[in-house]
Amino acid sequence: MTKYIFVTGGVTSSLGKGIIAASLAKLLQARGYSTTIQKFDPYINVDPGTLNPYEHGECYVTEDGAETDLDLGHYERFLNTFTSQANNVTTGRVYQYVINKEREGAYLGKTVQVIPHITDEIKRRITLLGQKNEFDIVITELGGTVGDIESLPYIEAVRQLKWEMGDENCLVVHLTLIPYLKAAKELKTKPTQHSVKMMSENGLNPDILVCRTEEPLNKELKRKVALFCNVTQDAVIEAMDADTIYSVPLEMMREQLDEICLKKLELPMGTDPDLSRWKEFLNKLRYPKSKVVIGLIGKYVELQDAYKSILEALIHAGAVNECKVEVRNIHSEDLTPKNAAEKLRNLDAVLVAPGFGNRGIDGKIDAIRYARENKIPFFGICLGMQMACVEFARNVLGMEHAHSTEMNDDTNHAVICMMEEQKNITQMGGTMRLGAYECKLKEGSKAAAIYGKQDISERHRHRYEFNSEYLEAFEKAGMKATGINPATGLVEIVELPEHPYFVGVQFHPEYKSTVENPHPLFVAFVAAAKEARNRNGNAEKVFEKSVAGN
Ligand code: GLN
């Protein structure tokens, strides 16, 4: 029978429930248990696809084309396994399903209520992945903080499941904060006590407490927390602030979070976790031998979470190259043809980010022109690739007003446009080319060399496409389409073979980069940045301990 672990959060948001859930899953996986993680989000949006990145950070996309919470990205990066639509459920999705059923008459004249109808639907969805007989353990992260009104149906659903399944099959790990008061030189347990109390008022008691803290928790304090929060003494876990999220699985192993979970779930300890590859990655990340500075050009750069997967993929690629990747955020709105040289001069490479809409678009085009003309390694992702095509059309092919029809519907050279099939769709959300599509790489291309094969599959999230009517002109002038969708003929990759590294991809390679499988395009891009830095004589050795990102 599949066992369930719930990860809840207390005291404040942003304590890193996703990372704790992913770290625990990693350890259980390393002990031989097939484990997956799912996230339940208490907001009314049906999915985060239509949410502004300022609201909710990046929208992560799974193989099956689900637009999901960015925590699913962490799950995949840690576990090195795919997630799916079933791994992310929102309140909006739950209600939509229940309301549709009500309209179909499925409740036979009954009053449809939060309890039992909404809670039953939550329970059904929680146990859905477990019923596939694929997983020994399903970890469910509950979004939000205990005490939020919108979390109540979820807490109630978990309470019922725990009652039905028994404590040995259903575990609650509560992530909380033990703040350190500098003036008093003391760690304070009261907020944790209150959040546990609030949860137990709703009938649910945590089994394990993971305590975020800036200072180590001594035995006495752990005992106090255990006593007042009614958990066993070994179930108070210290989670010190970490220099990188990738050290958290090792910290949790040191604190025996996995062992305590298995004990409480009455499961054997399994094989001793072999995290040697993970440790090797961490070592390379912490002790880089060189450094590169990469400019990330986007319109949400002030918000770290908006480009989460890209930043993580750069960290993975940096470790492979034993090179610290310093990301310099450049707001596309701040770039003009006049200042591009000054703003980009000290960069070893330029990455133009995905995005939607017109804001900052000219700055992106200016940055691409500068990178192309000055032979600075360039990597364009989705909108970044589309704008690389627009820039090429304007400045190489002389099509002065070339554009994407997303930005200018009346352009006389629509080098990026919407495909016929998409034109009739008016509803927002789910109208895009989403999820995994196959792509065939041209023999002899940079892309084929980087991937080391010709048949690949990558995830998409966009409405607009390269307009193939222009392909011949582009290729003649030196921009080659080196990746083609075999089913539709759509252009998925463009390259400039004459440039040290100029690659634009219509898909999102960042979604598939994991610790154990860093994405080849990011690895090659960082390597190209390293070469550029050497060429420019900027290379200096970095010996000190350093950690990228986070
Ligand atoms: N806005 C562009 C499109 O819809 C690119 C999307 C993206 O960068 N993810 O095609």
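The coordinates are above.
Basis of the calculations
Residues numbered from 1 in each chain as written. Predicted model: local features only at pLDDT ≥ 70, side-chain atom pairs only at ≥ 80, totals over all residues. Heavy atoms only, no water. Core = buried A, V, L, I, M, F, W, Y, C linked by side-chain atoms within 4.5 Å. Buried < 20%, exposed > 50% of the residue type's maximum accessible area, 1.4 Å probe, protein only. Helix = DSSP H or I, 4+ residues; strand = E, 2+ residues; numbered from the N terminus. Contact = heavy atoms within 4.5 Å. Salt bridge = Lys/Arg side-chain N within 4 Å of Asp/Glu carboxyl O. Pairing = 2+ DSSP bridges. 1 Å grid on protein atoms, 1.4 Å probe; cavity = no way out; pocket = protein on both sides within 12 Å on 5 of 7 lines; lining within 4 Å. Points joined across faces, edges and corners; volume = space filled by probe spheres on them. Nonpolar A, V, L, I, M, F, W, Y, C, P; charged D, E, K, R; others polar. Axes fitted to C-alpha atoms, helices over the stretch in contact; angles between N-to-C directions. Near = heavy atom within 4 Å. Polar contact = N/O pair within 3.5 Å; in protein donor to acceptor, adjacent residues only side chain to side chain. Areas by Shrake-Rupley, 256 points an atom, 1.4 Å probe, with all protein chains shown as cover. Sits in = over half its atoms within 2 Å of the grid points.

1. A short note on the nonpolar core
Right, on to step 1. Counting residues in each nonpolar core, the largest one holds 64 residues, and the members touching the most others are Ile5, Ile139, Ile208, Val210, Tyr246 and Met252.
Right, on to step 2. Looking at this core element by element, the count peaks at nine residues for helix H1 (residues 17–30).
Right, on to step 3. Not counting residues within four places of it along the chain, the set of residues in contact with isoleucine 5 comprises Leu24, Leu28, Ile137, Val138, Ile139, Thr140, Leu171, Val173, Cys261 and Leu265.
Right, on to step 4. Ile297, Val352, Ile484 and Leu496 belong to the second largest nonpolar core, which has 42 residues in total.

2. A short note on unusual backbone geometry
Right, on to step 1. Following isoleucine 115, the chain continues into proline 116 via a peptide bond in cis, with omega recorded as 15°.
Right, on to step 2. Residue placement: proline 116 occurs in helix H5 (residues 114–126).
Right, on to step 3. Positive phi, close to 50°, is recorded for leucine 108, a residue that is not glycine.
Right, on to step 4. Residue placement: leucine 108 occurs in the loop between helix H4 (91–103) and H5.
Right, on to step 5. The class for leucine 108 is exposed, based on a relative accessible area of 76%.
Right, on to step 6. In this structure, glutamate 322 is a non-glycine residue whose phi angle is positive, near 50°.
Right, on to step 7. As for its placement among the helices and strands, glutamate 322 is situated in the loop between helix H12 (308–320) and strand S13 (323–331).

3. Quick notes on the pattern of salt bridges
Right, on to step 1. All chains considered together, the criterion is met by 43 salt bridges.
Right, on to step 2. Glutamate 259 is the partner of arginine 31 in a salt bridge, and the nearest nitrogen-oxygen pair spans 3.5 Å. Taken as a pair, arginine 31 in the loop between H1 and strand S2 (35–41) and glutamate 259 in helix H10 (residues 257–264) lie far apart in primary sequence, 228 residues in all.
Right, on to step 3. For arginine 31, a relative accessible area of 6% translates into the label buried.
Right, on to step 4. Lysine 188 serves as the salt-bridge partner of glutamate 186, at 3.6 Å between the closest nitrogen and oxygen.
Right, on to step 5. Residue glutamate 186 is classed as partly exposed on the basis of its relative accessible area of 40%.
Right, on to step 6. A relative accessible area of 29% places lysine 188 in the partly exposed class.

4. What about the pairing of S13?
Right, on to step 1. When strand S12 (residues 290–298) meets S13, the two strands line up parallel, connected through nine bridges. When the sheet's bridge partners are listed, glycine 295 is paired in S13 with arginine 328.

5. As for the layout of surface pockets
Right, on to step 1. Its boundaries defined by the atoms lining it, the largest pocket holds a volume of some 1,100 Å³.
Right, on to step 2. Of all the secondary-structure elements, those providing two or more residues to the lining of the largest pocket are H1, S2, helix H2 (53–56), helix H3 (71–79), strand S11 (236–240) and helix H9 (248–254).
Right, on to step 3. Residues belonging to the lining of the largest pocket are distributed by class as follows: 15 nonpolar, 14 polar and 14 charged.

6. Regarding the environment of glutamate 510
Right, on to step 1. Tracing the chain through its elements places glutamate 510 in the loop between strand S23 (502–505) and helix H19 (520–535).
Right, on to step 2. We classify glutamate 510 as buried; its relative accessible area is 2%.
Right, on to step 3. Measuring from C-alpha to C-alpha, the distance between glutamate 510 and leucine 311 comes to 8.4 Å, with 199 residues separating the pair along the chain.
Right, on to step 4. In this view, glutamate 510 contacts Ser309, Ile310, Ala313, Pro354, Ile381 and Phe522; residues no more than four positions away in its chain are not counted.

7. A closer look at the sheet that holds strand S16 (residues 403–404)
Right, on to step 1. As summarised here, the arrangement of the three strands in space is S16-S17-S20, forming an open sheet in which the pairing is mixed. Looking at the sheet topology across the chains shown, the edges are occupied by S16 and strand S20 (464–466).
Right, on to step 2. Packing against the sheet, helix H15 (residues 383–395) makes contact with S16, strand S17 (414–418) and S20, and its axis sits at approximately 150° to S17.

8. Points about empty space enclosed by the protein
Right, on to step 1. For the structure shown, the criterion picks out two cavities of 30 Å³ or more.
Right, on to step 2. Here the largest cavity defines a volume of roughly 80 Å³.
Right, on to step 3. What lines the largest cavity is simply Pro354, Gly355, Phe356, Cys382, Leu383, Gln386, Glu406, Arg461, His462, Arg463 and Tyr464.
Right, on to step 4. Listing elements by their share of the lining of the largest cavity, those giving two or more residues are H15 and strand S19 (455–462).

9. Some thoughts on the site of the ligand
Right, on to step 1. Around the ligand sit Pro354, Gly355, Phe356, Cys382, Leu383, Gln386, Glu406, Arg461, His462, Arg463, Tyr464 and His508, and that is every residue in its neighbourhood.
Right, on to step 2. A distance of 2.9 Å is found between a nitrogen atom of the ligand and a backbone nitrogen or oxygen belonging to arginine 461.
Right, on to step 3. Surface burial for the ligand is 99%, taken as the share of its 300 Å² of free accessible area covered by protein chains.
Right, on to step 4. Of all the cavities here, the one that holds the ligand is the largest cavity.
Right, on to step 5. Taken together, the elements giving at least two residues each to the shell around the ligand come down to H15 and S19.
Right, on to step 6. Of the residues that constitute the shell around the ligand, the class distribution is five nonpolar, four polar and three charged.

10. Remarks on H10
Right, on to step 1. Looking only at H10, the buried set comprises Leu257, Asp258, Ile260, Cys261 and Leu262.
Right, on to step 2. Once H10 finishes, glutamate 266 follows within two positions and takes phi at roughly 55°, a positive value.

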